[in-house]
Each structure stands twice: as structure tokens, then as C-alpha cells.
Amino acid sequence: MEALHPGFTASTSFCLLLLLLLPTADANICSAEPQVNFPENNTVGAVVLVINITSGVTLEFKTPVSPDNPFILEENRLLAAKVLDYETKTTHVINIICNRMATSEEFPLTIVVVLVNINDNLPLFGQVQYRVNLNEMTPVGTTVGRFTATELDGQKISYSLAPQSKGFKLKSQTNPDLLVEMPLDYEKVQTVELTLTAVEAPLDDVSFSATTTILISILDGDNRPPWFQPCGKHEVDGAVVCQNDGYTGRVTLNEEEAGALPLDPGPLYAIDGDSGIGAEVTYKFLNGDADGLFHLDTRSGNITMLKPADVLGTISLTVLAAQTTNSYQFATTSVTFSVQKKSLHPPKFQRPRYEGVVTGVGAMATELNATGEPLRILATDDDYAPLEGINPHISYSVNGGSDFVIVGGYLFMTKVYPEGLLTLQLRAVDTSNKEEALAELLLEVTSVVASGAFGLVDMAALGATLGVLLLICLAVIVALAVRVRKADANGRKIFEASVFQSSLGQGGQKGGIQFTNEAFQHDEDGDSLGSGRPAAGYQGGGVASGNLPVKSSVPLRSLPRGDDDDDADDNGSDSGDSEGKDVKPILTKERRVDDGYKSVWFKEDIDPDAKDEVVIIPVREEEEDEDEEEPLSSGKEENEGPWVRTQRVAFNDADLDSGLGVKMEDPGDDSDV
């Protein structure tokens, strides 16, 4: 046996074997699960475990028994004697002895009770409210502090911050470090109150949360120079600049003023731009004191005279203001003094009391006792006697009536006032030396409409009339536009005819052959080819100017041309001539395709799909109307009755091959035989 293991002896091995055999021998006395899971927050008397025992066996805790033992034995049941808490103790080891009284046998039984954690604890912050002081010049991204919550159940905690637009943020949802998110400005925000919430992860569908308050006090940093007052603030790239326009003052020639010199717009002084610090400011001249003429108090900024000024003009000074604790924070401004002659006479109003009436906003005040005469307000200065007392430096205002303005000496009301009588005070100030004069103003406010003024009804009637006239003008414009459009179409036809005529040749006009289109005057059959004789008084010649044909894209068939350029015979086309020339009709509704012919037909018989070139002869409506009014002789021979006035068709014999020049013309009074 000793060879089994160096540390084991024969006696040790025997004891181990005995221990293994003893439980086996007594295993039937009692038995139980060696480990039991038991939830915390139990009720007192809850059964933890039931122990299996044989008859005649009793149970008891192994001595010594701890006074803090949270369990009791009741027969074969292990009970909880108190409420167990997982956060206090997670496991309990219980030693029990099983006794058989008849045989005095004992059997030890060890049971481990493991408590089950229940989510019964809320997250907890270390403080209900945290207070933090933070300089406004703290860089962005700086950690303000860490504000952690604890959770006894060991659950994971997430954090959130509200509100989210105060210049701060959390490092992450699980890291409660508070960071500066944007630049701070003490002059805009001095305190920031944040609410931090901690929420634990759910356990058995149960979750708890806790909140705390973080109060941040922003401290003013020394990042601004002194500001001369008054000044206008301007923000430039996040920095605030306060601009002062300088100071002005007046001194009298050859006189030394006593005390601090008055300045406009106020006494010279500067304040620390960092209102939270309020550092003391000192003053001094930067470019001298005008050869010892002035003295500047370094504490108050008051300027006094050391001697009289002996030259008229202006004196410019530069004053520097710096912090006593930080000389790198400073600012400068200008002080300008005007050296003037002494004024011997103050301004004075021409009248001690002005009385006027005003009828409404924007209306000029008039004299109360002189209807329609403007109320003239004027103050004179005897120092300007050569200018008839007119001092150009005098400005006027109304005391106690900011809703009135004086322009050029005339009073206007700028705000609606109820009807009544107002008592005001006029003020005239010499801006060069601040001397002033006062006068009383009695002003009556009335709403009387002046004679000849238009009322609301009159204006409405005028508007309606103008509207009707506008509609009439629009209608006339539309009619003229339509008529001009038609005239443009006719003009276009004339233009095309002119182009066509110019294309017939450049050799000048030549004699042509003229035919009278009488064959169709009494022809009821549209296919008749007969033609009558030409009307009396025919005169051969070329195409008359002014009534030009319109050129079309369809070509005409050729017409027979004569052998010479002489005038055609008045005997017409009904009979053949002595030379045996075969005269053929030139007007027909039948389209001829024979060589040597040019056909003329009516416009309504033109096939719109034809590919031929067509010259359309425009017919004047006036001549057609006159033709219709003359009676036709239907029962007589053409040579017996009076000739009916018809249009003539003239051809230019010069260039019939290149195009047809045709004109329909009225034969006139000479058509009668």
C-alpha cells in the first residue's frame, strides 16, 4: 500500500476505506440534497428543504449551534427562521445529525443553501445634488467630474443627461464622466442645472432607476479688456467687442474752466469687460496732454484744465484704460475738445407762446388763429446778427411730446392722438455750446377733413372707374391685335407677289398679251371651254404694278405664247385670225398637261395635295361687289347686248417659261363697245 503514493501509509488507507464504508452502511437513516437554491426576501417559516429519514430517526443541528442560525428543524423539514438577504450573505452551510434512538446510531448530514438574487435594490448616487465650479475658459472636452451610481444587485447601469443643450455631455451611456461640449460664456450663462439618470438593466423583467442633480456654477475668466462707456456690443467669431465712439467737449478761448470738463455723451470712464471680476481700471494720456493744457485723474478719469487755450480749433487726445491687476488687458479712446469763442447771447424764441392746430399723423401744424397758415417755430441768436440771427447750430425738439417732430421749423405729428388740446414745451438748443431756450406750445388735435379732400367713398368710386377704363383699353388692344394680324397676312401675300415679280427677269417690262375672261360670265357649265371676245378699249401691255400675283409652290402648266409683242386683236378669242392661229382658252377648270400650255383655274378647284407650282391671283372684294351689282343680259347674244364689265387677265410675255405674271384688272368705263 505504501507503494501507491509516497504520502499515503497503510493506516491512512485503512481509515479512508472505513469512512467510505460507514455512510454506505448508514445511508438508509437519512438523506437530502447536498445543495439547495432558495430565493432571498423569503417569508418566515418557508420550507427550505425536506429531509428523507427512516422510522425512529430524529434530526438536530450539530453542536455548537450558531446564534445567528437563520434556520430551524421541524420534524424532517428545514425551515427559514428569518428573512434571508442575498446582498448580506449568498450561501449558508447547515450541519445536521441524524439519530436513531433504538440503536444509538448517528449520521452527519451537510446541506448548502444557496440564495437566489432578486432585483430588489435601486441604483444609488453618492449625493442627491452635486455642486461644481467651472471657469468659463475651460477648454472643450475637459472632464468636469465623474458621477457614478451603485447597484447592490450587481446589474449593469446606463446613464442619460437632461437637458442635452446646456454645453455639457456624458462620455458614453455606460460612463458617467461629464464633459464640456461647447465654449462657456459667463456673460450669457452663470449657472447650469443638469439631471443625471441611472437605469439598471432589467432582471426578471424588473428594472429600477435613480436620478441626481448636478449644479454647475460658471466662473468669469479674465478674457476681456476694459470697456469705455457708453459702448455698443458686437459679437465677432464668438468674442464680444464693445465699441466706444469717443468723447467730445468744448472750452472757451482764453478762459480756464474750473473743475472736471463736461463731455459728450457722458463722463469719461471704463469698466472691466469681465463683469464677474470687476477689476479696477486706471487712466492715462497716451499721446500727451496738449502741452500741459489738460490733466487726467488716473483713478476717476476726470479731465481738468491747467491753463487757458489760446488758439481756436480742435484738440485731440488719446486716453488709455488698463486693469490694475493685469496690464495686458487695456483699451483706448479719443477725447476731442473744440476751442470756441465765448457766446454772448443764448438763443431765444420769437414768441413766448405758440398756438397751433394739427389734423392728423403726417400733417403739418397750422396757426390756430390763421386758417391754413403753417405754424413756423423759430429761435434766433444775437451772436449771429450778420445772419439775421439764424444760428445753424440750433436744433429743435418738443419736451413731453416724443410723438412730435420739428423739421425746418415746422411741426409734424407722428402718432395718432385723440382729439383735444395739448400743452407742450418747445426747446431750442445751440449744439455748439449747449445753450438753450424754452417756449410754450398750445396744440389742438382735430380730425376735421380739409375742404376738397377725398373720402373713402370717393376713392372707391375712382377705383371702380379706373377698373372699367382698364377693361375697355384691354378690349381695344385685343381688337387692334387681331386686325394687325390679318393685315400682316395680306402684306405677306403682297410681299410674296413682289418677290415673284422680281424673279421674272431683269430685262425690264415687255409687251404682253391681254385676254378678257368673258367666257365664264354667262357660262353655267363649269366645264365649258368657250370664250367671248375681249371688251372694247383693251390695251395690250405688261402686268400693271400694284396688283401682283402670289407665288405658290405648285408650278403652272405652260400657256401658248404669241409670235410677237404687238397688242392683241380686239376681235377676241371667239374667231380664228386670218393667219390661222389657233387661239385656245386660257381660263378653264380643267387642268391641262399638254406641252406649250399654261393653265389658269379657280382657287377652289386646286387640289391641296397637288405637287404642281401654282400662282394664286388675288381678287379684290370691292371689284367683285361692283360686278355683282351690274345686271347680266341672259337673253341676248353677247354681241347684241351691253358688255358686262369683267376683269382682264394680263400676261407678261417676257418670262412665261420661268413663271407666269398674271393680273386681274378692271377694264373700266371703256369696256362698252
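Residues numbered from 1 in each chain as written. Predicted model: local features only at pLDDT ≥ 70, side-chain atom pairs only at ≥ 80, totals over all residues. Heavy atoms only, no water.

### A look at the overall build of the chain
Here comes step 1: Of the regular secondary structure elements, the chain holds three helices and 42 strands.
Here comes step 2: Here the chain holds 673 residues, and the buried ones make up 34% of them.
Here comes step 3: Residue pairs at least 24 apart in sequence account for 65% of intrachain contacts in the chain once pairs closer than 6 positions are excluded.
Here comes step 4: Taken as a whole, the chain presents about 40200 Å² of accessible surface, with 53% of it coming from carbon and sulfur. (Helix = DSSP H or I, 4+ residues; strand = E, 2+ residues; numbered from the N terminus. Buried < 20%, exposed > 50% of the residue type's maximum accessible area, 1.4 Å probe, protein only. Contact = heavy atoms within 4.5 Å. Areas by Shrake-Rupley, 256 points an atom, 1.4 Å probe, with all protein chains shown as cover.)

### Some details on the packing of aromatic side chains
Here comes step 1: Under the criterion given, the structure shown has seven aromatic pairs.
Here comes step 2: Ring centres of Y130 and F147 lie 4.8 Å apart, and the angle between their planes is 70°; on these two criteria the pair is classed as edge-to-face. Pair noted here: Y130 is in strand 11 (residues 129–135) and F147 is in the loop between strand 12 (143–146) and strand 13 (149–150), with a separation of 17 residues, a long-range link. Considered together, Y130 and F147 belong to a single accessibility category, that of buried residues.
Here comes step 3: Three or more aromatic residues link up through ring pairs in this structure, and these residues are F349, Y354 and Y396. (Phe/Tyr/Trp six-rings, centres within 6.5 Å; stacked < 30°, edge-to-face > 60°.)

### Comments concerning the sheet that holds strand 22 (residues 247–252)
Here comes step 1: Read from one edge of the open sheet, four strands run 22-28-27-24, paired in mixed fashion. Because the sheet does not close on itself, it has two edges, and the strands there are strand 22 and strand 24 (281–285). Ignoring strand direction, the axes of neighbouring strands in this sheet form an average angle of 30°.
Here comes step 2: The pairing of strand 27 (residues 313–323) with strand 28 (residues 330–340) spans 10 bridges and is classified as antiparallel. Residue V319 lies in a different strand from strand 28, and its bridge partner there is T333. (Pairing = 2+ DSSP bridges. Axes fitted to C-alpha atoms, helices over the stretch in contact; angles between N-to-C directions.)

### Some details on the environment of F71
Here comes step 1: Secondary-structure assignment places F71 in strand 6 (residues 71–74).
Here comes step 2: You can call F71 buried: its relative accessible area is 2%.
Here comes step 3: A C-alpha to C-alpha distance of 7.4 Å links F71 and K82, two positions 11 residues apart in sequence.
Here comes step 4: For F71, the contacting residues outside a window of four places in its chain are V48, F61, L78, L79, A80, A81, L84, H92, I94 and V113.

### Considerations on the state of the cysteines
Here comes step 1: This model, assessed by the stated rule, comprises two disulfides.
Here comes step 2: The side chain of C30 participates in a disulfide bridge whose partner is C98; the two sulfur atoms lie 1.9 Å from each other. Taking the torsion about the sulfur-sulfur bond, which here is approximately 100°, the covalent link between C30 and C98 counts as right-handed. Residue C30 is found in strand 1 (residues 30–31), and its partner C98 is found in strand 8 (residues 91–100); the two are separated by 68 residues along the sequence. For the residue pair C30 and C98, the accessibility class agrees, reading buried in each case.
Here comes step 3: The disulfide partner of C231 is C242, and the gap between their sulfur atoms is 1.7 Å. Residues C231 and C242 share a disulfide whose torsion about the S-S bond is about 80°; that sign makes it right-handed. Within this pair, whereas C231 is found in the loop between strand 19 (226–228) and strand 20 (232–236), its partner C242 is found in strand 21 (residues 239–243), the two being separated by 11 residues in sequence. (Disulfide = S-S within 2.5 Å.)

### Looking at the confidence of the model for the chain
Keep in mind that low pLDDT regions are not for reading the predicted coordinates in detail.
Here comes step 1: Considering every residue of the chain, the mean pLDDT works out to 76; 68% of them sit at 70 or more.
Here comes step 2: The low-confidence segment residues 506–515 (pLDDT under 50) makes 32 contacts with residues lying over four places distant or belonging to another chain.
Here comes step 3: Note that residues 523–583 has pLDDT below 50 and, in this model, 157 contacts with residues that lie over four places away or in other chains. (pLDDT = per-residue confidence, 0-100.)

### Observations concerning the pairing of strand 34 (residues 404–407)
Here comes step 1: Here strand 34 shows a clear split, with F404 and I406 buried on one side and none of V405 and V407 buried on the other.
Here comes step 2: Pairing of strand 34 with strand 35 (residues 410–413), which is carried by four bridges, proceeds in the antiparallel orientation. Across the sheet, the residue bridging to F404 is M413, located in strand 35.

### Some details on the side chain of S432
Here comes step 1: Mapped onto the fold, S432 is located in the loop between strand 36 (420–430) and strand 37 (435–445).
Here comes step 2: Here the side chain of S432 touches D430 through a polar contact of 2.7 Å, side chain to side chain.
Here comes step 3: Not counting chain neighbours up to four residues away, the residues in contact with S432 comprise R250, Q340 and H393. (Polar contact = N/O pair within 3.5 Å; in protein donor to acceptor, adjacent residues only side chain to side chain.)

### Regarding unusual backbone geometry
Here comes step 1: The peptide bond linking T63 to P64 adopts the cis configuration, its omega dihedral lying at -5°.
Here comes step 2: Take P64: it is sitting in the loop between strand 5 (57–61) and strand 6.
Here comes step 3: Positioned with a positive phi, N41 is a non-glycine residue whose angle comes to about 60°.
Here comes step 4: Its place among the elements puts N41 in the loop between strand 2 (35–39) and strand 3 (47–50).
Here comes step 5: Taking relative accessible area as the criterion, N41 reaches 37% and is therefore assigned partly exposed.
Here comes step 6: In the Ramachandran plot, S104 falls in the positive-phi region, its phi being about 60° despite a non-glycine side chain.

### Looking at a nonpolar patch on the surface
Here comes step 1: Residues M459, L462, L466, V468, L469, I472, V476 and L480 make up a contiguous nonpolar surface patch of roughly 730 Å² in combined accessible area.
Here comes step 2: Its location among the elements puts L466 in helix 2 (residues 456–502). (Patch = residues over 30% accessible without salt bridge, like charges linked within 9 Å, V, L, I, M, F, W, Y side chains within 5 Å. Salt bridge = Lys/Arg side-chain N within 4 Å of Asp/Glu carboxyl O.)

### Let's talk about the pairing of strand 27
Here comes step 1: Where strand 24 and strand 27 come together, five bridges link them in antiparallel fashion. Bridge assignment links F285 to a residue of strand 27, and that residue is V319.
Here comes step 2: Hairpin remark: strand 27 followed by strand 28, antiparallel, with six residues in the connecting loop.

### Side note on the nonpolar core
Soluble globular proteins tend to pack their nonpolar side chains together in the buried interior.
Here comes step 1: One finds F228, L268, Y283, F294, I303, V335 and F337 to be the most contacted residues of the largest nonpolar core, which totals 24 residues.
Here comes step 2: The set of elements that each furnish at least two residues to this core consists of strand 22, strand 24, strand 25 (294–296), strand 26 (303–305), strand 27 and strand 28.
Here comes step 3: In this structure, F294 is in contact with L261, F285, D289, I303, T304, M305, L306, I315, L317 and F337, ignoring residues within four places of it in sequence. (Core = buried A, V, L, I, M, F, W, Y, C linked by side-chain atoms within 4.5 Å.)

### Some details on the sheet that holds strand 7 (residues 77–80)
Here comes step 1: Ordered by their spatial adjacency, three strands build an open sheet running 3-7-6, and the pairing between neighbours is antiparallel. The outermost strands of the open sheet, each flanked by one partner alone, are strand 3 and strand 6. The average angle at which neighbouring strand axes cross in this sheet is 25°, direction not considered.
Here comes step 2: When strand 3 meets strand 7, the two strands line up antiparallel, connected through three bridges. Note on strand 7: the bridge partner recorded for V47 is L79.

### Observations concerning the environment of L73
Here comes step 1: Relative to the elements of secondary structure, L73 occurs in strand 6.
Here comes step 2: Since its relative accessible area comes to 22%, L73 is described here as partly exposed.
Here comes step 3: For the pair formed by L73 and I96, sequence separation is 23 residues and the distance between their alpha carbons is 9.3 Å.

### Notes on the environment of E106
Here comes step 1: Looking at the element boundaries, E106 is found in strand 9 (residues 105–116).
Here comes step 2: When its relative accessible area of 52% is taken as the criterion, E106 is described as exposed.
Here comes step 3: Along the chain, E106 and T58 lie 48 residues apart, while their C-alpha atoms are 9.5 Å from each other.

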